[in-house]
Amino acid sequence: MVKINKKIKIGDFRFTEKHKKVIDKILKSGQITESTFVKKLERRMEKFLGVRNAILVTNGTVALQLVAHYLMYKKGKFLNVAVPALTFPATINSFLILHNYCLRCYVGEDLHIDNYKIPAAHTIKTDIVVPVHLIGYPANIDKIMSQAKKYGLVVVEDCAEAFGAEYKGKKVGTFGNFSCFSFYISHNISAGELGMVVTDDDSAAKVLRSMKNHGRVGDNLKFEHSFIGSNYKTTEFSAGICYSEMSLVKKILSTRLGNARYFFDNINNPKLKQFHCPDGFSPLGYPIEAESESYRDKICKKLNRCGIETRYIFPNLIRQKAYEGAYFDQFPVAERLAKTVFYIPSHHLLTGKNRRKIVKKLNENI
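Residues numbered from 1 in each chain as written. Predicted model: local features only at pLDDT ≥ 70, side-chain atom pairs only at ≥ 80, totals over all residues. Heavy atoms only, no water.

This next bit is on the overall build of the protein chain. Regarding its fold elements, the protein chain presents eleven helices and 15 strands. Across its three principal directions, the C-alpha atoms of the protein chain cover 65 × 60 × 35 Å. Going through the 366 residues of the protein chain one by one, you find that 54% of them count as buried. A separation threshold of at least 6 residues defines the contact pool for the protein chain, and within that pool the share at least 24 residues apart is 68%. As displayed, the protein chain offers around 17200 Å² of accessible surface, 54% of which is attributable to carbon and sulfur atoms. Seen as two clouds, the 56 positive and the 34 negative side-chain charges of the protein chain have centres 5 Å apart. (Helix = DSSP H or I, 4+ residues; strand = E, 2+ residues; numbered from the N terminus. Buried < 20%, exposed > 50% of the residue type's maximum accessible area, 1.4 Å probe, protein only. Contact = heavy atoms within 4.5 Å. Areas by Shrake-Rupley, 256 points an atom, 1.4 Å probe, with all protein chains shown as cover. Lys, Arg positive; Asp, Glu negative; His and termini not counted. Charge placed at Lys NZ, Arg CZ, Asp CG, Glu CD.)

Here it is in structure tokens:
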């Protein structure tokens, strides 16, 4: 019999007896739309993060879109939104799809928005800034919050890739006016597809809960709609899977960080530069910068041929056909990082054998 080597994926999921018991409960209840497990998970997330309101939605993109929808309603206008030039398109799409204007911002060597180049006081008055805790590294949130206070900005944290990350001992997603999380299959805590909006503003939370359900208010007997909304609801299955994962959250997050630190300590290819793994880092994957674009392409192709999944970091947004337009700034740091940085698996299901194989292949000369 031919032995088939399982691919080492960027993100992985293992269905356990714990998951099965939760799914069986949901099936036996006959209630597969939002019900008990959605409420239980929201309470668990509120406790874990230390926030007043956690609102589950379909996915992380929808979470951002729901916040955009609410802020447009609250301000009564289209919005000017500052986003980093280096991020996944969901960050910008969630605002653009509702016809807001998005300003791309410079990023620094740490992959994050440059706090001193948020165009809040320039020709176009910024309404919202969206710091992205990219690949699990906390953004410099103190400086962003200081800028926000100075210029009257609403801060919407994009925590899609950073569940459990901490900045100065406090969890990301607890600094801004609103924060959005994703529990996609490859993310730090997984449910397949699930998202969440977090806020300490009780009145905003009430409207957000209504807007995610077509703007409906009151009891279920009446069709009363006080807001223009849509269907951003999720299912009991997604909430149940995520609820099960949260029972092991500390172990999952510590294992992911331990894997990243193993790679930092053991990769010694002179053509590769490792990113540090500080306390508070909650890795989606482990990022590495190659000496050149061509070397990055070569080593990623090699790893994928060997059954090790890799991903390039996200491209500079101004290079995407979907966002073509006149930009006088070229965002040189974002441009270089987009061409040289890639990331490797760091998830909690990696085995010791997996880790050694990844390091061995990265350290080989090509």
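Throughout the structure, instances matching the rule amount to one cavity of 30 Å³ or more. A volume near 50 Å³ is recorded for the largest cavity. Forming the boundary of the largest cavity are Gly11, Asp12, Ile185, Ser186, His187, Asn188, Ile189, Ser190, Glu245, Arg256, His347 and His348. Split by residue class, the lining of the largest cavity holds two nonpolar, seven polar and three charged. (1 Å grid on protein atoms, 1.4 Å probe; cavity = no way out; pocket = protein on both sides within 12 Å on 5 of 7 lines; lining within 4 Å. Points joined across faces, edges and corners; volume = space filled by probe spheres on them. Nonpolar A, V, L, I, M, F, W, Y, C, P; charged D, E, K, R; others polar.)

One non-glycine residue, His99, lies in positive phi territory at about 70°. Summarising the element assignment, His99 is placed in the loop between α4 (90-96) and β3 (101-105). One non-glycine residue, His214, lies in the positive phi region at around 65°.

Residues Lys18, Lys21, Lys25 and Lys40 make up a contiguous surface patch of positive charge. With three residues, the top contributor of residues to the positive patch is helix α1 (residues 17-29). (Patch = residues over 30% accessible without salt bridge, like charges linked within 9 Å, V, L, I, M, F, W, Y side chains within 5 Å. Salt bridge = Lys/Arg side-chain N within 4 Å of Asp/Glu carboxyl O.)

Moving on, we come to the pattern of salt bridges. Applying the stated rule across the entire model yields 19 salt bridges. Between Arg209 and Glu42 there is a salt bridge, with its nearest N and O atoms 3.3 Å apart. With Arg209 in helix α6 (residues 202-211) and Glu42 in helix α2 (residues 36-49), this pair connects stretches of sequence that are 167 residues apart. The exposure class assigned to Glu42 is buried, which follows from its relative accessible area of 4%. Residue Arg43 pairs with Glu46 through a salt bridge whose shortest N-O separation is 2.9 Å. Taken together, the positions of Arg43 and Glu46, both in helix α2 and three residues apart, correspond to about one turn of that helix. By relative accessible area, Arg43 is classed as partly exposed at 41%. Glu46 gets classed as buried once you look at its relative accessible area, which sits at 11%. In this structure, a network of salt bridges that share partners links the residues Glu42, Arg43, Glu46 and Arg209.

Those residues of α6 that sit buried are Ala204, Ala205, Val207, Leu208, Ser210 and Met211. For α6, the secondary structure elements touched by its buried residues are β1 (53-57), α3 (60-75), β8 (178-182), β9 (195-199) and β10 (216-217).

Attention shifts here to the sheet that holds strand β2 (residues 80-84). Pairing is mixed across the open sheet formed by seven strands, whose spatial order is β1-β9-β8-β5-β4-β2-β3. Two strands bound the open sheet, and with one partner strand each, they are β1 and β3. Note that β8 and β9 share four bridges and pair antiparallel. Bridge assignment links Ser182 to a residue of β9, and that residue is Gly195. (Pairing = 2+ DSSP bridges.)

Along the polypeptide, Ser292 turns up in the loop between β13 (286-290) and α9 (293-305). The class of Ser292 is partly exposed, set by a relative accessible area of 23%. Separated by 21 residues in the primary sequence, Ser292 and Lys271 have C-alpha atoms spaced 8.4 Å apart. Once residues lying within four places of it in the same chain are set aside, the contact partners of Ser292 are Lys339 and Thr340. Within the local environment of Ser292, its side chain forms a polar contact with the side chain of Ser294, the two groups lying 3.2 Å apart. Of note is the side chain of Ser292, whose polar atom sits 3.1 Å from the backbone nitrogen of Tyr295. (Polar contact = N/O pair within 3.5 Å; in protein donor to acceptor, adjacent residues only side chain to side chain.)

A few words on helix α7 (residues 236-246). Quick reminder: α-helices carry 3.6 residues per turn. Residues three or four places apart thus point the same way. The buried fraction of α7 is high, at ten of eleven residues. Three or more residues of α7 are buried, namely Glu236, Ser238, Ala239, Gly240, Ile241, Cys242, Tyr243, Ser244, Glu245 and Met246. Those residues of α7 that are buried are in contact with α1, α2, β1 and α8 (249-266).

Time to look at the side chain of Gln274. With respect to the helices and strands, Gln274 occurs in strand β12 (residues 272-274). A residue is classified by how much of its surface remains accessible, and Gln274, at 16% relative accessible area, is buried. Within the structure, Gln274 has its side chain in polar contact with the backbone oxygen of Phe264 (distance 3.1 Å). Once residues lying within four places of it in the same chain are set aside, the contact partners of Gln274 are Phe263, Phe264, Ile267 and Tyr286.

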